[in-house]
Amino acid sequence: SLSALYFVTVFQGLSVLAMLMVAGGYIVSLSSTQWAKVARAAPLLIYAVFAVVSTLWSDAPALTLRLGVQLLLTIAIALALYQTIGFKTILTAVFAAGLLACVASMMVMPAALTGAYPLTGIAASKNQMAFFASTLALSSTALFSDRAFPAVLRMAVFGGLLVSVI
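As a starting point, this report considers the structure included with it. These figures come from a predicted structure and were not determined experimentally.

Quick notes on the rules
- Residues numbered from 1 in each chain as written.
- Predicted model: local features only at pLDDT ≥ 70, side-chain atom pairs only at ≥ 80, totals over all residues.
- Heavy atoms only, no water.
- Salt bridge = Lys/Arg side-chain N within 4 Å of Asp/Glu carboxyl O.
- Helix = DSSP H or I, 4+ residues; strand = E, 2+ residues; numbered from the N terminus.
- Axes fitted to C-alpha atoms, helices over the stretch in contact; angles between N-to-C directions.
- Parallel < 35°, antiparallel > 145°, perpendicular 65-115°, else oblique.
- Left-handed = near helix turned anticlockwise from the far one by under 90°.
- Contact = heavy atoms within 4.5 Å.
- Expected span 1.5 Å × (residues − 1).
- Buried < 20%, exposed > 50% of the residue type's maximum accessible area, 1.4 Å probe, protein only.
- Patch = residues over 30% accessible without salt bridge, like charges linked within 9 Å, V, L, I, M, F, W, Y side chains within 5 Å.
- Areas by Shrake-Rupley, 256 points an atom, 1.4 Å probe, with all protein chains shown as cover.

Close approach of charged atoms allows side chains of opposite charge to pair. Under the defined criterion, the tally for this structure stands at one salt bridge. Notably, a salt bridge pairs lysine 88 with aspartate 146, separated by 2.9 Å at the nearest N-O pair. Here lysine 88, found in helix 7 (residues 87-112), pairs with aspartate 146, found in the loop between helix 8 (126-145) and helix 9 (151-165); they are 58 residues apart in sequence, far enough to count as distant.

What follows concerns the packing of helix 4 (residues 32-40) against helix 6 (residues 61-84). A pair of packed helices can be characterised by two numbers: the angle between their axes and the separation between those axes. Closest axis-to-axis distance for the helix 4/helix 6 pair is 9 Å, and the angle between their directions is 120 degrees. In this view, helix 4 runs oblique relative to helix 6, as classed from their interaxial angle. Once helix 4 is placed against helix 6, the crossing between them reads as right-handed. Packed against helix 4, whose contacting residues are Gln34, Lys37 and Val38, the element helix 6 presents Ala80, Gln83 and Thr84 at the interface.

Topologically, serine 31 is positioned in the loop between helix 3 (13-28) and helix 4. Along the sequence, serine 31 and threonine 84 sit 53 residues apart, while their C-alpha atoms lie 9.8 Å from each other.

It is worth spelling out helix 6 at this point. Along an α-helix, residues three or four positions apart point the same way, because every turn accommodates 3.6 residues. Here helix 6 is 24 residues long and its end C-alpha atoms lie 34 Å apart, about the 34 Å a rise of 1.5 Å per residue gives. Every buried residue of helix 6 is listed here: Thr64, Gly68, Ile77, Leu79, Ala80 and Thr84. Summarising the contacts, the buried residues of helix 6 are in contact with helix 3, helix 4 and helix 5 (46-53).

So, about a nonpolar patch on the surface. Judged by side-chain polarity, Val10, Phe11, Leu14, Leu17 and Met21 come together as a nonpolar surface patch covering roughly 530 Å² of accessible area. Sorting the residues of the nonpolar patch by element identifies helix 2 (8-11) and helix 3 as the ones contributing at least two each. Residue contributions to the nonpolar patch peak at three residues, all from helix 3. Looking at the element boundaries, valine 10 is found in helix 2. On the basis of relative accessibility, which here comes to 42%, the residue valine 10 falls in the partly exposed class.

Here is the structure:
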């Protein structure tokens, strides 16, 4: 589901739909004990609920509602994932999605090197491309420095670190 966010410029709304479907499917499949863990973090949703309610006094209610619902869904999905999946699993998913995005960007970079296009890869901007590379670099560094991570996988993660600086 996370990789869909990296490829939003390529697949447009389909990637957001894919992310919502995968995350929604996961959330629906939670057990009652997992729901209890998620419910303990529910007070963090108060800011997102306030954003949705602010539609009532907004000068641009349609935009406010859309952005408020996006914020509410983003926080709810993040809370559900964080409360039910281990941190190392989330970090590995961030690494895998970042590696996939950076490798896909490297495949379209030769066209950009002609000078006709900016070095954005699959991203919409150079800043977004820098975000891809930085999340890959940070997740690679964290996984590589984790001694509990298997040595063979740590070497593969080091390769991801090298890709992030290219």
